[in-house]
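Structure assessment
Chain by chain, the residues run as shown.
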Amino acid sequence: MMSTAIDHGRMAAAIRVLAMDAVQKAKSGHPGMPMGMADVATVLFTKFLKFDATDPHWFDRDRFILSAGHGSMLLYSLLHLTGQADMPMSELENFRQLGSNTPGHPEYGHGHGVETTTGPLGQGLGNSVGFALAERMLNAEFGDDLVDHHTYVLAGDGCLMEGISQEAITLAGHLKLSKLICLFDDNGISIDGPVSLATSEDHLRRFTAAGWDVQSIDGHDPAAIEAAIAHAKTTDTPSMIACKTTIGFGAPTLAGSAKTHGAPLGEEEIAGARQFYGWDLPPFELPQDVVDAWHAAGRKGRAAHEAWVERLTFSDRRDEFGRRMRGDLPANLHAVINDFRHSISNEAPKVATRVSSQKTIDALLEVMPELIGGSADLTGSNNTKGKTATPVSAENYGGDYIHYGIREHGMAAAMNGMALHGGVIPFGGTFLVFTDYCRPSIRLSALMGIRVIYIMTHDSIGLGEDGPTHQPVEHLSALRAIPNLAVFRPADTVETAEAWQLALERKDGPSVLALTRQGLPTVRTHHSHEVLSAKGGYVLAEASGERKATLLATGSEVEIALAARDALEADGVPTAVISMPCQELFMAQPKGYRDSVLAPGSIVVAVEAGMRQSWDRFIGLDGGFVGMTGFGASAPAAKLYEHFGITAQAVVDAVRERL
């Protein structure tokens, strides 16, 4: 059976030949890593991984994350071999082809069993921390009967060279995420050649210093692999197993060289590898006994799955657990936010929108236990910690607030992992300028279409004295350039609450809330049951007569636009102010609605304390724009607005120039 060395070798060989053949047929790909890590993967999937191939969405399954996403044929081969319904042999034959479930790098949503999108190295490792953390937090809430599984992540030298890896492993070590096991493909090769060309660090000592249990093994010895994983499952810390492997294992002349990393091996080399494996079948054909053994591995978790379903059926938390796993919002959420908005319209406070966000968070936490906040060491500045929130720690996974430390990139990647795991809705904060540190993970949130909420405060020169290093000017336009990312820049507390509601309702993509440091007046003083921000832009103040000018604004500049409107109306120029908290939602509206808001034919001027790029589609190349044209400076906010000409008078002048 599967326990003998011969059977292990044949099962591992199935992975290797499928990887070689698929890459060869596609004329591109990365065969070396799957060939090198096939032994580790075979032991993991046949002896340890808790899953049921007939139900890849079983919530309490173990998660397997391929951080070294270039080796995607390892994952696709495993999914096919274990009997995943949407990974037939035809998908492997269509590797890297348009419309297949087997893209060049694993993509979430393309094939069941693909837990996350990887390829940008280190991202999967960062995601794995979020997966493992979500598991521990949900375990603390729902208990071992419903939540008790491991997260395995396969990472390579490239993943560990990327800076995000340091943020990820130190956070995981600090939180003692004992259900996280990293399988390090220690093959010593990168694209340029031996990793010694670029690095000489000792990863074993590095992980040890971060608080991980560390082992080093022969990655081609099934017994050693089995013993190492078995030990890793007993530790009270995360575990790293350095698996010394040969990239392109079995290739007669190329094994152990960079030439197997990212190119087909060629027919002659593949023939030699087949001979080495004792494999005499043509491409994409497998012996029946190997097929049967792998299918048995795919079914071995069925009993555990059925027992879990029975426990869930009789659990008094079944309904709440089901709601959380589906990602549904509480039934009373809309009423809670509506009541909050109503009270704010009556009170009309003048507060920074970061404070508005905190007030909204306080209201949300009363009805949303799944809402998990955090900040990259800027809690007091981002206002991300609700008054009832308690910190998550190695001693208390039952909290709902994560101190990520100064790890912006690691935070964003972990939040992606938490969202993908399910059962929680993560949000985390830093300064808007530091979205540069988060951007690769934000982009992947959008690519995967997952609900992650980024609270980005200090959103303009309005932050003042910290100066141009901290003042974002290009960031709003840069973020708006990312497909499927909703960028909200609310003008007051009412719009901030609406932005939060819309971000929570957005199951199919991430959101950024860009929030101010400086206080802003309430501009929505008359309550509306309609969530006006849902259309992205709306008429906040209509012209007194036939409209001649239309002023577009977001965030802190809405009050400037309103002051400019007053001046223009006093001069006999009927002027409307459009608050546009989310350009992406506005562009999704029917053309008729957009035209009713923008009034084509009127003079259009936009005002925002950022760069112009994302506004040209509304104002045209000849339209007026009042904003930034370069970097900011260090001074009090009021002085900076005056210095850079972002004033009501400048808006008035821009309209008059075009009358």
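Rules used in this analysis
- Numbering of residues begins from 1 in every chain and follows the order in which that chain's sequence is written.
- Two thresholds apply to this predicted model, a pLDDT of at least 70 for residue-level local features and 80 or more for giving and counting side-chain atom pairs, whereas whole-chain, interface and lining totals are computed over all residues.
- For the side-chain quantities, the full set of heavy atoms in the structure was used; hydrogens and water were omitted.
- What makes a salt bridge here is a side-chain nitrogen of Lys or Arg within 4 Å of a carboxyl oxygen of Asp or Glu, nothing more.
- Segments assigned H or I by DSSP are reported as helices when at least four residues long, segments assigned E as strands when at least two residues long, and all are numbered from the N terminus.
- Working definition: with a 1.4 Å probe on protein chains only, accessible area under 20% of the residue-type maximum means buried, over 50% means exposed, and in between means partly exposed.
- Here, any two strands with at least 2 DSSP bridges between them count as paired.
- Between the N-to-C directions of two axes lies an angle of 0 to 180 degrees, each axis being a line fitted to C-alpha atoms and, for a helix, fitted only over the stretch in contact.
- Our angle categories are set so that under 35 degrees counts as roughly parallel, over 145 as roughly antiparallel, 65 to 115 as roughly perpendicular, and the remainder as oblique.
- Crossing handedness: left-handed means the near helix sits turned counterclockwise from the far one by under a right angle, and right-handed means the same turn made clockwise.
- In this analysis, two residues are considered to be in contact whenever any of their non-hydrogen atoms come within 4.5 Å of each other.
- By the convention adopted, Pro, Cys, Tyr, Trp, Phe, Met, Ile, Leu, Val and Ala count as nonpolar, Lys, Arg, Asp and Glu as charged, and the other residues, Gly among them, as polar.
- Positive: Lys, Arg. Negative: Asp, Glu. His and the chain ends are not part of the count.
- In the analysis that follows, any N or O atom pair within 3.5 Å is treated as a polar contact, provided that within protein one partner can donate a hydrogen and the other can accept it, and provided that, for residues neighboring in sequence, both atoms belong to side chains.
- pLDDT measures how confident the predictor is about each residue, on a scale from 0 to 100.

1. A closer look at the pattern of salt bridges
One pass over the structure, following the stated rule, counts 32 salt bridges. A salt bridge links Arg 16 to Asp 39, with the shortest nitrogen-to-oxygen separation between them at 2.7 Å. Pair noted here: Arg 16 is in helix H1 (residues 5–26) and Asp 39 is in helix H2 (residues 32–48), with a separation of 23 residues, a long-range link. As far as the burial class goes, Arg 16 and Asp 39 line up, both buried. We note a salt bridge from Glu 557 to Arg 489, for which the minimum N-O separation is 2.5 Å. Residue Glu 557 is found in the loop between strand S15 (549–553) and helix H21 (558–570), and its partner Arg 489 is found in the loop between strand S12 (486–488) and helix H20 (493–505); the two are separated by 68 residues along the sequence. Judged by its relative accessible area of 0%, Glu 557 is buried. The exposure class assigned to Arg 489 is buried, which follows from its relative accessible area of 0%.

2. A word on the pairing of strand S1 (residues 63–66)
Sheet faces and side chains relate simply in a regular strand, where the side chains alternate between the two faces. A two-sided burial pattern is seen for S1, the buried positions comprising Arg 63 and Ile 65 on one face and Phe 64 and Leu 66 on the other. Direction of pairing for S1 relative to strand S2 (residues 151–156): parallel, over a ladder of 4 bridges. Within the sheet, the bridge partner assigned to Phe 64 lies in S2 and is Tyr 152.

3. Things to note about the packing of H2 against helix H3 (residues 72–81)
In a pair of packed helices, the angle between the axes and the distance between the axes together describe the arrangement. Packing of H2 against H3 leaves a shortest axis separation of 9 Å and a crossing angle of 40 degrees. In terms of their interaxial angle, H2 and H3 are classed as oblique. For the pair H2 and H3, the sense of crossing is right-handed. Packed against H2, whose contacting residues are Met 33, Pro 34, Met 37, Ala 38, Ala 41 and Phe 45, the element H3 presents Met 73, Leu 74 and Leu 78 at the interface. Classifying every residue of the contact of H2 with H3 gives 9 nonpolar, no polar and no charged.

4. Considerations on the sheet that holds S1
If you walk across this open sheet you meet the 5 strands as S1-S2-S3-S7-S6, and the pairing is parallel. Single-partner strands in this sheet number two, and they are S1 and strand S6 (213–218). Going from strand to strand, the sheet's axes swing by 20 degrees on average, the running direction of each strand aside. Examined bridge by bridge, strand S3 (residues 180–186) and strand S7 (residues 239–244) share 6 bridges and lie parallel to one another. Its bridge partner being in S7, Phe 184 is matched across the sheet by Ala 242. Packing against the sheet, H2 makes contact with S1, S2, S3 and S7, and its axis sits at approximately 155 degrees to S3.

5. Section: unusual backbone geometry
What you tend to see is this: most non-glycine residues have negative phi, and most peptide bonds are trans. Positive phi values are uncommon outside glycine, yet Arg 96 reaches one of about 65 degrees. Looking at the secondary structure, you find Arg 96 in the loop between helix H4 (89–93) and helix H5 (123–142). A relative accessible area of 29% places Arg 96 in the partly exposed class.

6. A few points about the side chain of Asp 62
Here Asp 62 is to be found in the loop between H2 and S1. Buried charged residue Asp 62 carries no salt bridge. Nearest counter-charge: Lys 50, at 4.8 Å. Here His 150 takes part through its backbone nitrogen, which lies 2.8 Å from a polar atom of the side chain of Asp 62. The contact partners of Asp 62, leaving out residues within four places of it in the chain, are Phe 48, Leu 49, Lys 50, Glu 115, His 149, His 150 and Tyr 152.

7. Concerning the confidence of the model for the protein chain
Looking at the protein chain as a whole, the pLDDT averages 97, with 99% of positions reaching at least 70. Confidence, read as mean pLDDT per element, is least for H1 in the protein chain (93) and greatest for S3 (99). Note that pLDDT drops below 50 for residues 1–5; the model gives that stretch 7 contacts with residues more than four away or on any other chain.

8. Points about the environment of Val 114
Within the secondary structure, Val 114 sits in the loop between H4 and H5. Residue class for Val 114 comes out buried when judged on its relative accessible area of 4%. Spatially, the C-alpha atoms of Val 114 and Phe 427 are 23 Å apart, while their sequence positions differ by 313 residues. Those residues in contact with Val 114, other than ones at most four positions away along the chain, are Leu 75, Leu 79, Pro 106, Glu 107 and Tyr 108.

9. A look at the sheet that holds S15
Strand order in the open sheet formed by 5 strands is S14-S16-S15-S17-S18, and the pairing between neighbours is mixed. This sheet does not close on itself; its edge strands, each paired only once, are strand S14 (538–541) and strand S18 (624–626). Ignoring which end each strand starts from, the neighbouring axes of this sheet average 30 degrees apart. Inspection of the sheet shows strand S17 (residues 603–607) paired to S18 by 3 bridges, in the parallel sense. Along S18, the bridge assignment pairs Val 605 with Gly 624. Across the sheet, helix H26 (residues 648–656) is in contact with S15, S17 and S18; its angle to S17 comes to roughly 155 degrees.

10. Some details on the side chain of Ser 77
With respect to the helices and strands, Ser 77 occurs in helix H3. Judged by its relative accessible area of 0%, Ser 77 falls in the buried class. Within the local environment of Ser 77, its side chain forms a polar contact with the backbone oxygen of Met 73, the two atoms lying 2.6 Å apart. If we ignore the near neighbours within four places in the chain, the residues touching Ser 77 are Ile 15, Leu 18, Ala 19 and Leu 92.

11. Regarding the pairing of S3
Most of S3 sits out of view: 7 of its 7 residues are buried. Burial along S3 is two-sided: the residues Leu 180, Cys 182, Phe 184 and Asp 186 and Ile 181, Leu 183 and Asp 185 are all buried.

12. Some remarks on the packing of H5 against helix H13 (residues 318–326)
Between H5 and H13, the least distance of the axes is 12 Å, while the angle of their chain directions is 165 degrees. By the criterion of interaxial angle, the relationship of H5 to H13 is roughly antiparallel. The element H5 and its partner H13 pack so that their crossing is right-handed. For the pair H5 and H13, the contacting residues are Leu 138, Glu 141 and Phe 142 in the first and Glu 320, Phe 321, Arg 324 and Met 325 in the second. Residues belonging to the contact of H5 with H13 are distributed by class as follows: 4 nonpolar, no polar and 3 charged.

13. Some details on the environment of Ala 198
For Ala 198, the position within the fold is in the loop between strand S5 (193–194) and helix H8 (203–209). Separated by 37 residues in the primary sequence, Ala 198 and Met 161 have C-alpha atoms spaced 9.4 Å apart.

14. A short note on the environment of Leu 180
One can find Leu 180 in strand S3. Classification of Leu 180 by relative accessible area gives buried; the value is 0%. In this structure the C-alpha to C-alpha distance between Leu 180 and Gly 467, which are 287 residues apart in sequence, comes to 41 Å. Apart from residues lying up to four places away in sequence, Leu 180 is in contact with Ser 128, Val 129, Ala 132, Thr 151, Val 153, Ala 172, Trp 212, Pro 238 and Ser 239.

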